[in-house]
Amino acid sequence: MAKDYYTVLGVEKKASKDEIKKAFRKLAHTYHPDKKGGDEVKFKEASEAYSVLSDDKKRAEYDSYGRVFSGAGGGPQGGFDPSQFSGGFDGFNVNVEDIFGDISEMFGGRGARSHRGRDISIDIEISFKESVFGVTRTVLVSKNSECSRCNGNGAEPNTKTKTCPTCNGKGQVVEQRRSPFGVFQSAAVCSTCHGRKTVPEKPCTTCKGHGIEHRQEELSIAIPAGIDNGQMIRMTGAGEAVTGGASGDLYIKIHIQPHKNFRKEGFNLVTELPVKITDTLIGAEYKLETLDGTVTVKVPPLNSTDEILRVKGKGVPIEGVGSKRRGDLLIRIKVEFPKKLSTDAKKLLEKLKEEGV
Ligand SMILES: [Zn+2]
Ligand SMILES: [Zn+2]
């Protein structure tokens, strides 16, 4: 468990947003890595604490559970995290851009921001059944990707890269700046190597040494069980690649085709079963097509016309793919009235009436 965020920033638990911001700015002044005597570890610690405590939703989660859930998944390999759906996508990731932007402003200069590839968003339509049980979809995305010939390093296969002569392998060009707080070093990404620190001796013929190639990439997207219409999946790093920077993210918006017989209510599946009026009185067995195949439903004699039968464990899986726990299947009884009564049927009904039914 990381250090307590309130302790890191040196504020009380009930500190206002303003107090939190002030405390962070003060620490950032002291520990900013660009500053002489700065401390990168402490700076990052403070940044992390600030990113959580400055966000109402994350702060509430942190206060209640001692940690922040949004954004726990989605590593660089590109996974998904169901808890991120329909909520803040940046999750737990410290918004370094914002914080550095803020600090750089304070110091009157701009740090060397690592640039990042563009995010991409796509839409996927799935069937109702796939939304209940989850599905893996393969999609073709046309985007800037790492060059397939040089694997992104920009050099022809079997040739070497050399230290960038412009930045001497630092990846950035540094200049000194004076400010009211003292002398600061301000850095810009090297325009020759784009921050990669090396340049190819012989540039790759496919990407001309940029390491980036526009092509169609096949991506496998795991859509979790129980996903709702309009929910979003984020695959970290599956967006567009950029020379010398991190790739953007891929956002997948899910569209679910409605089912003619079923709908979801939380983890329960709801359907209707037409039952003959006589069966509602004396009970019967009915065959019902479910998402799990045909099941036999025992309809008992009913007490009212709006009864619901419950088949336990035949609903939506809980806790995603592979889970054994499921919600229930709720069967709403729909009483079927006869369209036409034969003379015999009428006679029998008259008899029933005499019986007091
Ligand atoms: Zn290449
Ligand atoms: Zn360079």
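Every value quoted in this text rests on a predicted model; they were computed, and no experiment measured them.

To continue, consider the overall build of the protein chain. For the protein chain, the helix and strand inventory stands at 8 helices and 15 strands. Within the span of the protein chain, comprising 357 residues, buried residues form 38% of the whole. Of all intrachain contacts in the protein chain linking residues separated by at least 6 positions in sequence, the fraction that spans at least 24 positions is 63%. Carbon together with sulfur atoms contributes 50% to the accessible area of the protein chain, which is approximately 21300 Å² in total.

Of the protein atoms, only C147 (SG), C150 (SG), C204 (SG) and C207 (SG) coordinate the zinc ion (ligand 1), at distances of 2.2 to 2.3 Å. Metal-centred angles of 103 to 117 degrees between the 4 donor atoms at the zinc ion (ligand 1) mark the site as tetrahedral. In the primary structure, the donors to the zinc ion (ligand 1) are separated according to the pattern C-x2-C-x53-C-x2-C. Separated by 57 residues along the polypeptide, C147 in the loop between β2 (135-146) and β3 (161-163) and C204 in the loop between β6 (198-200) and β7 (212-223) bring together distant segments of the chain. Per residue, the accessibility class of C147 equals that of C204, and both read buried.

Moving on to the packing of aromatic side chains. Aromatic ring pairs are reported here in terms of the distance separating the ring centres and the angle at which the planes meet. Tallying each qualifying case throughout the model produces 3 aromatic pairs. Ring centres of F24 and Y50 lie 4.3 Å apart, and the angle between their planes is 5 degrees; on these two criteria the pair is classed as stacked. Placement of the pair is F24 in helix α2 (residues 17-31) and Y50 in helix α3 (residues 40-53), with a sequence separation of 26 residues. Taken individually, F24 and Y50 each receive the classification buried, so the pair is uniform in this respect. Chaining the aromatic ring pairs together yields one cluster made of Y5, Y6 and Y62.

What follows covers the sheet that holds strand β14 (residues 308-311). Spatially, the 4 strands line up as an open sheet ordered β10-β11-β15-β14, and their pairing is mixed. Strand pairing shows two members of the sheet lacking a second neighbour, β10 (263-265) and β14, which therefore form its edges. Strand-to-strand twist in this sheet, taken as the mean axis angle between neighbours without regard to direction, amounts to 40 degrees.

This paragraph deals with the coordination of the zinc ion (ligand 2). Around the zinc ion (ligand 2), the protein contributes the donor atoms C164 (SG), C167 (SG), C190 (SG) and C193 (SG), at 2.2 to 2.3 Å from the metal centre. One can describe the donor arrangement at the zinc ion (ligand 2) as tetrahedral, given that its 4 donor atoms subtend angles of 102 to 115 degrees at the metal. In primary sequence terms, the donor set of the zinc ion (ligand 2) follows C-x2-C-x22-C-x2-C.

Turning our eyes to something else, we now look at the layout of surface pockets. Looking at the second largest pocket, its volume works out to about 550 Å³. Elements that contribute at least two residues to the lining of the second largest pocket include exactly α7 (277-282), β15 (329-336) and α8 (343-355). Considering only residue class, the lining of the second largest pocket consists of 13 nonpolar, 5 polar and 3 charged.

Before going further, it helps to examine the pairing of strand β13 (residues 293-299). One ladder, built from 7 bridges, connects strand β12 (residues 284-290) with β13; its direction is antiparallel. Directly across from Y286, in β13, lies its bridge partner V297. Two successive antiparallel strands, β12 and β13, enclose a turn made up of 2 residues.

Rules behind the numbers
Residues numbered from 1 in each chain as written. Chains lettered and ligands numbered in written order. Predicted model: local features only at pLDDT ≥ 70, side-chain atom pairs only at ≥ 80, totals over all residues. Heavy atoms only, no water. Helix = DSSP H or I, 4+ residues; strand = E, 2+ residues; numbered from the N terminus. Buried < 20%, exposed > 50% of the residue type's maximum accessible area, 1.4 Å probe, protein only. Contact = heavy atoms within 4.5 Å. Areas by Shrake-Rupley, 256 points an atom, 1.4 Å probe, with all protein chains shown as cover. Donors = N, O, S within 2.8 Å, 3.2 Å for Na, K, Ca; no water. Tetrahedral: all angles 85-135°; square planar, octahedral: opposite > 155°, others 65-115°. Phe/Tyr/Trp six-rings, centres within 6.5 Å; stacked < 30°, edge-to-face > 60°. Pairing = 2+ DSSP bridges. Axes fitted to C-alpha atoms, helices over the stretch in contact; angles between N-to-C directions. 1 Å grid on protein atoms, 1.4 Å probe; cavity = no way out; pocket = protein on both sides within 12 Å on 5 of 7 lines; lining within 4 Å. Points joined across faces, edges and corners; volume = space filled by probe spheres on them. Nonpolar A, V, L, I, M, F, W, Y, C, P; charged D, E, K, R; others polar.

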